[in-house]
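A closer look at the structure
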Amino acid sequence: MKDYLVRGLVNSKNCRVFACTTTNLTNVAQQNHNLWPCASAALGRMMAVTLMMGAMNKNKEKMTVVINGGGPIGTMLCTTNSDGKIKGFVSNPEVHYTYNDTGKLAVGLCVGNQGTIQVTRDMGLKEPITSSSPLQTGEIGDDFSYYFMLSEQVPSVVAVGVLVEEEVQVVILFSYCQKQLKKILRILKIRSRIHHQYHSY
């Protein structure tokens, strides 16, 4: 199955919705960087959201996202533009933690939450534009949600998930909402039922 991204409008342009699946992309990253499971999940989540942020741009501006939460994975970096191409990197690919009570991948522990998410946009002006926000959980989705609210003043829901088995498999959901936040939550709930066979890690 090919990776793909879809976008849509809800209720007369009051809300934008983006969703993508990036299984192949994450598999390539895992193989090229020799990522351990938790690092695969962290970078896979970050690349998916970064790709959709790039898809929001009308012009082919370059976007660089950097996350450093003080965790053992170190600095995470993604660079993309509006054409769907992306580069991703983590300082330490050999990290793997799970939560004792659930056995799920502990991405928040790998990334840490004592740092920032920083977004730099190069729009061809004299200087790039950089904005940032403090990390909340290190789970990536929560941190991007907070970034959109704080730095771009846009209420948003960001839901991401990576299922890691013998092969890296990814189910990514991302929502970017301007006004109709409750409606987006209902959409995500319906979507999660459709993908009930997957688990978010």
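Further up the page is the structure itself.
Reference entry: report on the structure contained in this document. (Residues numbered from 1 in each chain as written. Predicted model: local features only at pLDDT ≥ 70, side-chain atom pairs only at ≥ 80, totals over all residues. Heavy atoms only, no water.)

So, the side chain of N57
As a reminder of what qualifies: Only DSSP runs of H or I covering at least 4 residues are called helices, and only runs of E covering at least 2 are called strands; the numbering of each starts at the N terminus. Relative accessibility decides the category of a residue: with a 1.4 Å probe and only protein chains considered, values under 20% of the type maximum give buried, values over 50% give exposed, and everything between is partly exposed. Note on contacts: a residue pair is in contact if any heavy atoms of the two residues lie within 4.5 Å.
Tracing the backbone through its elements, the reader meets N57 in the loop between α2 (37–56) and β3 (62–68). Judged by its relative accessible area of 13%, N57 is buried. Ignoring sequence-local partners within four residues, the contact set of N57 consists of M63, S82 and R121.

Focus: the environment of V90
Among the structural elements, V90 can be located in strand β5 (residues 86–90). In the structure, V90 is positioned 47 residues away from L43 in sequence and 7.3 Å away in space, judged by C-alpha atoms. Once residues lying within four places of it in the same chain are set aside, the contact partners of V90 are L35, L43, I73, T75 and M76.

Side note on unusual backbone geometry
In this structure, I140 is a non-glycine residue whose phi angle is positive, near 80 degrees. Tracing the sequence through the fold places I140 in the loop between β7 (129–134) and α4 (141–151). Phi at Q153 takes a positive value of approximately 55 degrees, unusual for a residue other than glycine. Residue classification places Q153 among the exposed residues on the basis of a relative accessible area of 58%.

Observations concerning the nonpolar core
This is how the line gets drawn: Residues belong to one nonpolar core when they are buried, are Ala, Val, Leu, Ile, Met, Phe, Trp, Tyr or Cys, and are joined through side-chain atoms within 4.5 Å.
Within the largest apolar cluster, 41 residues are counted, with the highest numbers of intra-cluster contacts made by M53, I67, I73, M76, V111 and F144. Take this core: its biggest share by element is 14 residues, from α2. Not counting residues within four places of it along the chain, the set of residues in contact with I73 comprises A39, A42, V90, S91, N92, V95, C110 and V111.

Some details on helix α1 (residues 23–33)
Here is the rule we go by: In this context, the arc is that of the directions from the helix axis out to the C-beta atoms.
Among the residues making up α1, those that are buried are T23, T26, N27 and A29. All buried residues of α1 project into a common sector of 165 degrees when viewed along the axis, lining one side. Exposed side chains of α1 directed beyond 90 degrees from the buried face belong to Q31 and N32. Trailing α1 by a residue or two, N34 shows a phi angle of about 55 degrees, which is positive.

Remarks on the pairing of β7
Let me state the cut-off plainly: Pairing between two strands requires that DSSP report at least two bridges joining them.
Across six bridges, strand β6 (residues 116–122) lies against β7 in antiparallel orientation. Bridge pairing in β7 places T120 opposite T130. Connecting β6 to the next strand, β7, in antiparallel fashion are six residues, including G124 with a positive phi near 80 degrees.

Some thoughts on the side chain of T120
This is how it is decided: Whenever two N or O atoms come within 3.5 Å, that pair is a polar contact, provided that in protein one can donate a hydrogen and the other can accept it, and provided that, for residues adjacent in sequence, both atoms are side-chain atoms.
Relative to the assigned elements, T120 resides in strand β6. A polar side-chain atom of T120 sits 3.1 Å from a polar atom in the side chain of T130. Discounting chain neighbours no more than four positions away, the residues touching T120 are K62, M63, T64, P128, I129 and T130.

Concerning the sheet that holds β6
The cut-off we apply is this: Whenever a helix is involved, its axis is fitted only over the stretch in contact; in every case the axis is a line through C-alpha atoms, and angles between N-to-C directions fall within 0 to 180 degrees.
Strand order across the open sheet formed by five strands is β5-β4-β3-β6-β7, with antiparallel pairing between neighbours. Each edge of the open sheet carries a strand with a single partner, namely β5 and β7. Pairwise comparison of adjacent strand axes, ignoring direction, gives a mean angle of 10 degrees for this sheet. Strand contacts of α4: β3, β6 and β7, with the helix running at about 120 degrees to β7, the strand carrying the most contacts.

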